[in-house]
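# What the coordinates show
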Amino acid sequence: QAKSGGKAGYQFFSQEMNQVNMRRVALENGMRQGLARGEFYLYFQPQWDLKSLRLTGAEALLRWHSAEFGLVGPDEFIPIAESCGFIFDLGDLVLREACLHAVQWDAFFPGLKVAVNISGRQFRQPDFLETVACVIEETGVRPSSLELEFTESVIMERAEKNIHALQALKNMGVRLSIDDFGTGYSSLNYLKHFPIDAIKIDRSFIAELVTDSDDAAIAEAIISMAHSLKLKVIAEGVESDAQLDFLVERCCDEAQGFYFAPPMPGEDFTGYVKRFAAPDDASKPLSVAG
Ligand code: C2E
Ligand code: MG
Ligand code: MG
Ligand code: MG
């Protein structure tokens, strides 16, 4: 207890803390109701191949449109869901919904992949592997259409155990990637030990790509290192022509960002997929900008 700071300081501190805690508790309770009311749903952000200029898939991003709190962002509610254990219910919903969409899109765009973010607690859940296997079986999704994203820190905690879990996922045929690469664990040595397919350059490096030579050097180094390790590289948060040019020149494999399209509801992405599914149309990503 912060008694030594004097009475006024203590009161200020505790008021602030109370407000943060009250919103937290309110969101925590609101989430359960929200799930029952169908307030959670997925948005999808297109990913493009930079060599063939073809659509390759989408990242599924969770949204909560709460009747009570308005639109709440995943950066706020995912950590709360993690700490109260609600992430298990949410994570199952995301995985299942993403796979159902992937099956639907596969019908007119064979091989289109859908990437799903997996949180640390979800991954550490003892029956996570079983859940993934069940969802694949029940939805009939092509396993290679499903990509699971993990952050570096999640992979590095209990590294030994994780190698086995990731290998088991690989054996099911799903793709694995490391999200927000460059912001977490700093040792590169671990990369060779994990059976991953791709790394995603964090958008904090892409933001200043053309104005900050340090960020440019980091992005360039990540791309060449990934390629030496036979990993694909996906740039996230691409917003401008200049950023795209930089990435194309350095042979970055794929990109996603507002330059191509913001995350959109599933029905909208269905239209998007149909638009770019035909081989004739597949080479016009630039017409989607804006
Ligand atoms: P992330 O996985 O790194 O997702 C990329 C974030 O960048 C998304 O934010 C996306 O909307 C945003 N973004 C995409 N393109 C651009 C761009 O060109 N410029 C800028 N400034 N931003 C861009 P979002 O949807 O708010 O998600 C934030 C984070 O919340 C995600 O980061 C991910 O870590 C987490 N998250 C989202 N959905 C889920 C989920 O279903 N499960 C879990 N465990 N985490 C999720
Ligand atoms: Mg992600
Ligand atoms: Mg990311
Ligand atoms: Mg992020």
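Please refer to the structure placed before this passage.
Note that the structure is a prediction, hence the values are computed from the model and not measured. (Residues numbered from 1 in each chain as written. Chains lettered and ligands numbered in written order. Predicted model: local features only at pLDDT ≥ 70, side-chain atom pairs only at ≥ 80, totals over all residues. Heavy atoms only, no water.)

### Observations concerning the overall build of the chain
This is how the line gets drawn: Segments assigned H or I by DSSP are reported as helices when at least four residues long, segments assigned E as strands when at least two residues long, and all are numbered from the N terminus. Just to be clear, the radius of gyration here is over C-alpha atoms, and the globule rule we use is 2.2 Å times residues to the power 0.38. Burial classes: relative accessible area under 20% of the type maximum marks a residue as buried, over 50% as exposed, and values in between as partly exposed (1.4 Å probe, protein chains only). Whether two residues are in contact is decided by their heavy atoms, any of which lying within 4.5 Å being enough. In short, Shrake-Rupley with a 1.4 Å probe defines the accessible areas, and a residue's cover is counted only from the protein chains shown. His is not counted here, nor are the chain ends, while Lys and Arg score as positive and Asp and Glu score as negative. Each charge is placed at NZ for Lys, CZ for Arg, CG for Asp and CD for Glu.
Regarding its fold elements, the chain presents eleven helices and ten strands. Since a compact globule built from 290 residues should have a radius of gyration of about 19 Å, the 20 Å found for the chain is in line with a globular shape. Each principal axis of the C-alpha distribution contributes one length, and for the chain these read about 70 × 45 × 45 Å. Relative to its 290 residues, the chain shows a buried fraction of 46%. Across the chain, contacts joining residues at least 24 apart in sequence account for 68% of those joining residues at least 6 apart. With an accessible surface of roughly 14100 Å², the chain has 53% of that area assigned to carbon and sulfur atoms. Taking the average place of the 27 positive charges on the side chains of the chain and the average place of its 42 negative ones, the gap between the two points comes to 3 Å.

### Brief notes about the pairing of strand S8 (residues 232-235)
Where a strand is regular, its side chains alternate between the two sheet faces. In plain terms, the rule: Two strands form a pair only when DSSP identifies at least two bridges running between them. Handedness of a crossover is defined as follows: orient the strands so they point away from the viewer, and if the path from the first strand over the helix to the second runs clockwise, the crossover is right-handed.
Note: strand S7 (residues 198-201) against S8, four bridges, orientation parallel. The partner of Ile201 across the bridge, within S8, is Ala235. Direction of pairing for S8 relative to strand S9 (residues 254-255): parallel, over a ladder of two bridges. Its bridge partner being in S9, Ile234 is matched across the sheet by Glu254. The parallel pair S8 and S9 is bridged by helix H10 (residues 241-249), and the resulting crossover is right-handed.

### Thoughts on the coordination of the magnesium ion (ligand 2)
Here is the rule: Note on donors: an N, O or S atom is included if it sits within 2.8 Å of the metal, or within 3.2 Å for Na, K and Ca, and water is never included, so sites can look incomplete.
For the magnesium ion (ligand 2), the protein coordination sphere consists of Glu59 (OE), Asn117 (OD1), Glu149 (OE) and Asp179 (OD), at 2.0 to 2.3 Å. When the donor residues of the magnesium ion (ligand 2) are listed from N- to C-terminus, their spacing reads E-x57-N-x31-E-x29-D. Metal-to-metal, the separation of the magnesium ion (ligand 2) and the magnesium ion (ligand 3) is 3.9 Å; Asp179 coordinates the two. Taken as a pair, Asn117 in strand S4 (residues 113-117) and Glu149 in strand S5 (residues 146-151) lie far apart in primary sequence, 32 residues in all. Residue classification places Asn117 among the partly exposed positions, given a relative accessible area of 30%.

### Structural notes on the nonpolar core
For clarity, the threshold we go by: To form a nonpolar core, buried Ala, Val, Leu, Ile, Met, Phe, Trp, Tyr and Cys residues must be joined to one another through side-chain atoms within 4.5 Å.
Residues Leu148, Phe150, Leu169, Ile199, Leu247 and Phe269 are the most contacted members of the largest nonpolar core, which totals 81 residues. When residues in this core are grouped by element, the largest group, eight residues, is from helix H3 (residues 87-106).

### Structural notes on helix H11 (residues 266-277)
In plain terms, the rule: Helix span is expected to be 1.5 Å times the residue number reduced by one.
The first and last C-alpha atoms of H11 sit 16 Å apart over twelve residues, in line with the 16 Å expected at 1.5 Å per residue. Taken together, the buried residues of H11 touch strand S1 (40-49), strand S2 (54-66), H3 and strand S10 (264-265).

### Examining the coordination of the magnesium ion (ligand 3)
Taken together, Asp179 (OD), Asp180 (OD), Glu236 (OE) and Glu236 (OE) make up the full set of protein donors to the magnesium ion (ligand 3), lying 2.1 to 2.3 Å away. Along the chain, the residues donating to the magnesium ion (ligand 3) fall in the pattern D-D-x55-E.

That is the geometry; function is a separate question.
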